[in-house]
Amino acid sequence: MTQATAVRPTDATALIADMGARARVAAQMLAATPTADKARALTQAASAIRLQADAILAANAQDVARAQANGLSAAMIDRLTLSPARIESMAAGLEAVAGLSDPVGRIIDEASRPNGLLLQRVRVPLGVIGIIYESRPNVTADAGALSLMSGNACILRGGSEAVGSNRAIHAAMIEGVRAAGLPEDAVQLVPITDRAAVGAMLAAQGLIDIIVPRGGKSLVARVQDEARVPVLAHLDGIVHLYIDRAADPAKALPLAINAKMRRTGVCGATETLLIDRAYAAPAPVLAALIEAGCEVRGDAAAQTIDARVKPAVDADWDCEYLDSIVSVALVDGVDGAMAHIARHSSHHTDAIVTEDQTAADRFLQNVDSAIVMHNASTQFADGGEFGLGAEIGISTGRLHARGPVALEGLTTYKWLVRGTGQVRP
């Protein structure tokens with residue numbers, strides 16, 4: 001029975017158990033599906049998204065209107081809102097994933113033992129991935145595409161604020177899956193908004209192999225606290241941009257503006273700007289941020305540079321604003337910047353602006369974050385910008401995968417051992 005015609009239980013626990021069992025069967029089929037068939041499903045899904053753009057936009061407009069009526073923040077509404085350009089980007093993202101190298105079956109390494117055994121480590125899918133996310137309806141497409149192309153089935157649980165958008169996008173995704181002859185249960189969307197469904201997913205040992213949360217701190221914290229299956233997550237995007245004394249002002253100013261203001265609601269947006277006390281031109285940077293509509297909260301030294309800078313409090317250095325707000329501190333060189341980052345970074349993305357290669361190398365080597373940049377906007381912290389086609393999230397942990405998680409991050413490996421009749425003495 002396909003997902004489209006199945007009658008689903010209404011109880012959250014029974015529903016997730018049913019979806020998980022179906023996903024397990026689909027995952028077994030996907031693990032052996034040829035690359036071309038998976039790619040065809042995604043290109044067909046991209047075509048369906050383009051053809052159904054009006055329906056997706058209409059559903060999204062209803063979601064946005066409801067979100068505005070409910071008082072959601074400007075950052076959340078920005079994440080929620082779709083446009084023709086964002087829909088085209090979504091479709092192009094599916095096509096980009098379809099064109100990526102398939103990691104499944106790839107030999108990581110191999111060795112021959114003195115007794116003649118041949119050992120290989122080979123990439124295999126994780127199995128069934130549960131993705132719990134808020135606001136961004138494009139995650140429905142990105143997560144579904146990455147899961148399928150890496151040979152995994154997925155169970156998607158989007159936020160209630162994007163319910164109409166998610167359903168419309170999911171319907172287009174399923175058209176592509178169906179057209180390629182793949183199991184529709186490969187990409188499932190939880191049909192209820194009951195929060196109990198999240199708890200049921202977190203407890204679904206044996207049915208879901210890994211949970212990926214994408215959302216606010218409270219959601220991710222709940223997932224990490226309650227999950228009985230492995231979790232791939234990051235809590236905050238407390239991102240720093242450090243302007244060194246040897247920075248080129250012609251680079252530093254536009255980098256600071258772009259890193260903060262291009263899109264304030266993305267996890268790669270700079271939240272804290274660090275400026276070397278010896279940097280010659282801090283005033284134009286602060287003035288440009290303020291004139292671009294950004295509220296600047298600074299330490300005492302920053303306040304002396306521009307009277308419009310508001311005083312920062314301790315909580316500002318540990319805050320992911322996701323808004324047109326930035327905290328600013330003056331520091332004593334690279335060492336001061338790295339010390340501040342070590343105290344306050346969430347290990348997501350941190351960047352240095354400098355023409356001093358020695359300073360840049362020290363920063364790149366010693367800052368312990370998933371992504372560390374030199375002379376580039378932190379807004380490049382994105383799987384698509386890394387050439388990964390899309391991302392299922394950015395992991396700030398140390399195990400399994402780190403940074404933008406795409407196809408390879410959704411695989412594990414198994415050992416293949418080939419012998420000629422060897423017995424162990």
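Residues numbered from 1 in each chain as written. Predicted model: local features only at pLDDT ≥ 70, side-chain atom pairs only at ≥ 80, totals over all residues. Heavy atoms only, no water.

Considering the sheet that holds strand β7 (residues 239–243)
Sheet architecture is open: 7 strands sit in the order β10-β9-β11-β8-β7-β12-β13, paired in parallel fashion. The open sheet has two edge strands, β10 (310–311) and β13 (371–374), and neither has a second partner. Its contacts with the sheet put helix α13 (residues 333–344) on β7, β8 (270–276), β11 (325–331) and β12 (349–353), and the angle it makes with β7 is roughly 170°. In this fold helix α14 (residues 357–366) packs onto β7, β12 and β13, with an angle of close to 175° to the strand it touches most, β13. (Pairing = 2+ DSSP bridges. Helix = DSSP H or I, 4+ residues; strand = E, 2+ residues; numbered from the N terminus. Contact = heavy atoms within 4.5 Å. Axes fitted to C-alpha atoms, helices over the stretch in contact; angles between N-to-C directions.)

Here we look at the packing of aromatic side chains
For the structure shown, the criterion picks out 2 aromatic pairs. Taking the centre distance of 6.4 Å and the plane angle of 20° together, the rings of Y242 and F363 count as stacked. Linking Y242 in strand β7 with F363 in helix α14, this pair joins segments that are 121 residues apart in sequence. Note on Y242: relative accessible area 0%, which makes it buried. Residue classification places F363 among the buried residues on the basis of a relative accessible area of 0%. (Phe/Tyr/Trp six-rings, centres within 6.5 Å; stacked < 30°, edge-to-face > 60°. Buried < 20%, exposed > 50% of the residue type's maximum accessible area, 1.4 Å probe, protein only.)

Let's talk about the side chain of E391
Within the secondary structure, E391 sits in the loop between β13 and β14 (393–395). When its relative accessible area of 6% is taken as the criterion, E391 is described as buried. Leaving out residues up to four positions away in the same chain, E391 has contacts with D142, L146, R214, D382, G383, P404 and V405.

Some details on the pattern of salt bridges
Throughout the structure, instances matching the rule amount to 27 salt bridges. The residue K38 makes a salt bridge to D102 at a minimum N-O spacing of 2.8 Å. Of this pair, K38 sits in helix α2 (residues 35–51) while D102 sits in the loop between α5 (84–98) and β1 (107–112); the two residues are 64 residues apart in sequence, bridging distant segments of the chain. The residue E184 makes a salt bridge to R178 at a minimum N-O spacing of 3.1 Å. Take E184: its relative accessible area is 10%, and that puts it in the buried class. (Salt bridge = Lys/Arg side-chain N within 4 Å of Asp/Glu carboxyl O.)

Considerations on the packing of α5 against helix α6 (residues 138–149)
It is the contact of α5 with α6, at a shortest axis distance of 10 Å, that shows an interaxial angle of 10°. Taken as axis vectors, α5 and α6 run roughly parallel relative to one another. Each of M90, L94, V97 and A98 in α5 lies in contact with α6, whose residues at this interface are N138, A141, A145, L146 and M149. (Parallel < 35°, antiparallel > 145°, perpendicular 65-115°, else oblique.)

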